[in-house]
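Below are the chains, spelled out letter by letter.
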Amino acid sequence: MTPAEFQGLTGASDAQMADLATFADRLAEANAVMNLVGPDTIPDVWNRHYWDSAQLLQLARDAATWADLGAGAGFPGVVLAILLKGRAGAHVWLIDSLGKRCRFLQTVVEELGLPATVINGRAEAQALKVDVVTARAVAPMEKLLGYAQPYLQRGARGLFLKGEKAELEVAEARRVWQFESDLSVSRSDPRGRIVSVRSLRRVPSR
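One structure accompanies this document, and this report is about it. (Residues numbered from 1 in each chain as written. Predicted model: local features only at pLDDT ≥ 70, side-chain atom pairs only at ≥ 80, totals over all residues. Heavy atoms only, no water.)

## Some remarks on the overall build of the chain
A tally of helices and strands in the chain yields seven helices and seven strands. Listed by position from the N terminus, the elements making up the chain come as α-α-α-β-α-β-α-β-β-α-β-α-β-β. Over its C-alpha trace the chain gives a radius of gyration of 16 Å, about what one expects of a compact globule, namely 17 Å for 206 residues. Here the C-alpha coordinates of the chain stretch approximately 55 × 35 × 35 Å along the principal axes. When burial is assessed residue by residue, the chain has 51% of its 206 residues classed as buried. Of all intrachain contacts in the chain linking residues separated by at least 6 positions in sequence, the fraction that spans at least 24 positions is 70%. Just so you have it, the chain exposes about 9,800 Å², and 48% of that area is on carbon and sulfur atoms. (Helix = DSSP H or I, 4+ residues; strand = E, 2+ residues; numbered from the N terminus. Rg over C-alpha atoms; globule rule 2.2 N^0.38 Å. Buried < 20%, exposed > 50% of the residue type's maximum accessible area, 1.4 Å probe, protein only. Contact = heavy atoms within 4.5 Å. Areas by Shrake-Rupley, 256 points an atom, 1.4 Å probe, with all protein chains shown as cover.)

Printed below as a string of structure tokens:
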């Protein structure tokens, strides 16, 4: 995917495209000294990382506040913050337990002036009320739902980027959790799925 194709799909402004280009530069620089993303994915950043992240906005057009659990390299959270920049009330919380990743994220947030807050801590320990809780490549659904439980219980909708084993992960998670879910095909990779989750609670113990 080219930057022009990405802009056509998302309607990103020229200023947002400039921010995304700067983010790509910072990602490549940081990835040379720490493992943020697979090095072979950098050349395909506009589809593999940017479009993969941005497609979530088309599933939650009215959502202004987001929590990205295990934010890592900034996907989807930093991309969402760039595309939400300038929208009234928009804010993204970037939550990660690893200090060096948080330092990278903080540098990007400050340089680009993003509507985002970086939190160095455990996802499940945060008391945040948001419209959407999201995550990519963090953990299998059973464990991920444990991380997301506090947000979902405060009314958030879950939108989780998963791979080709998403259906199996959802089925396995139902052994531990009761929840409503829908799966949609990823627009960046037809093998991927986006799992939408609501009304989460633990399966009662017998």
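There is more to say after this.
## Remarks on the sheet that holds strand 1 (residues 65-69)
Spatial strand order, 3-2-1-4-5-7-6: seven strands in an open sheet with mixed pairing. Two strands bound the open sheet, and with one partner strand each, they are strand 3 (116-120) and strand 6 (177-185). Strand-to-strand, the axes of this sheet are offset by a mean angle of 20°, without reference to chain direction. As judged from the five bridges shared by strand 5 (residues 157-162) and strand 7 (residues 193-202), these two strands associate in the antiparallel manner. Counterpart to Phe160 in the pairing with strand 7 is Val195. Across the face of the sheet, helix 3 (residues 45-59) comes into contact with strand 1, strand 4 (132-136), strand 5, strand 6 and strand 7 while running at roughly 155° to strand 5. Its contacts with the sheet place helix 5 (residues 99-112) against strand 2 (91-96) and strand 3, and it is angled at close to 165° to strand 3. (Pairing = 2+ DSSP bridges. Axes fitted to C-alpha atoms, helices over the stretch in contact; angles between N-to-C directions.)

## Comments concerning the nonpolar core
In this structure, Phe6, Phe23, Tyr50 and Trp66 are the most contacted members of the largest nonpolar core, which totals 47 residues. Contributions of two or more residues to this core are made by helix 2 (14-31), helix 3, helix 4 (77-84), strand 2, helix 5, strand 3 and strand 5. In contact with Tyr50, other than residues within four places in its own chain, are Phe6, Leu20, Phe23, Ala24, Val45, Phe75 and Val79. Residues Trp93, Ala135, Trp177 and Phe179 belong to the second largest nonpolar core, which totals 26 residues. (Core = buried A, V, L, I, M, F, W, Y, C linked by side-chain atoms within 4.5 Å.)

## Notes on the pattern of salt bridges
Oppositely charged side chains may form a pair once their charged atoms are brought near each other. Using the criterion set out here, one finds 10 salt bridges in the structure. The salt bridge partner of Asp52 is Arg136, with a shortest N-O separation of 2.8 Å. Placement of Asp52 in helix 3 and of Arg136 in strand 4 is noted, with a sequence separation of 84 residues between them. The two residues Asp52 and Arg136 agree in class, both being buried. The structure contains a network of salt bridges with shared partners spanning Arg26, Glu29 and Glu111. (Salt bridge = Lys/Arg side-chain N within 4 Å of Asp/Glu carboxyl O.)

## A closer look at unusual backbone geometry
Going from Phe75 to Pro76, the amide bond is cis rather than trans, its omega being 5°. Note on placement: Pro76 falls in the loop between strand 1 and helix 4. Non-glycine residue Ala137 carries a positive phi angle of around 55°. Relative to the assigned elements, Ala137 resides in the loop between strand 4 and helix 6 (141-153). A positive phi angle, near 50°, is found at Ser199, a position not held by glycine.

## Things to note about the environment of His49
Mapping His49 onto the fold places it in helix 3. His49 sits 30 residues away from Val79 along the chain, and the two C-alpha atoms are 8.6 Å apart. Not counting the four nearest positions on each side in its chain, His49 is found in contact with Val37, Thr41, Asp44, Phe75 and Arg136. Polar side-chain contacts of His49 include one of 2.8 Å to the side chain of Thr41. (Polar contact = N/O pair within 3.5 Å; in protein donor to acceptor, adjacent residues only side chain to side chain.)

These results come straight from atomic positions and should not be treated as a statement about function.
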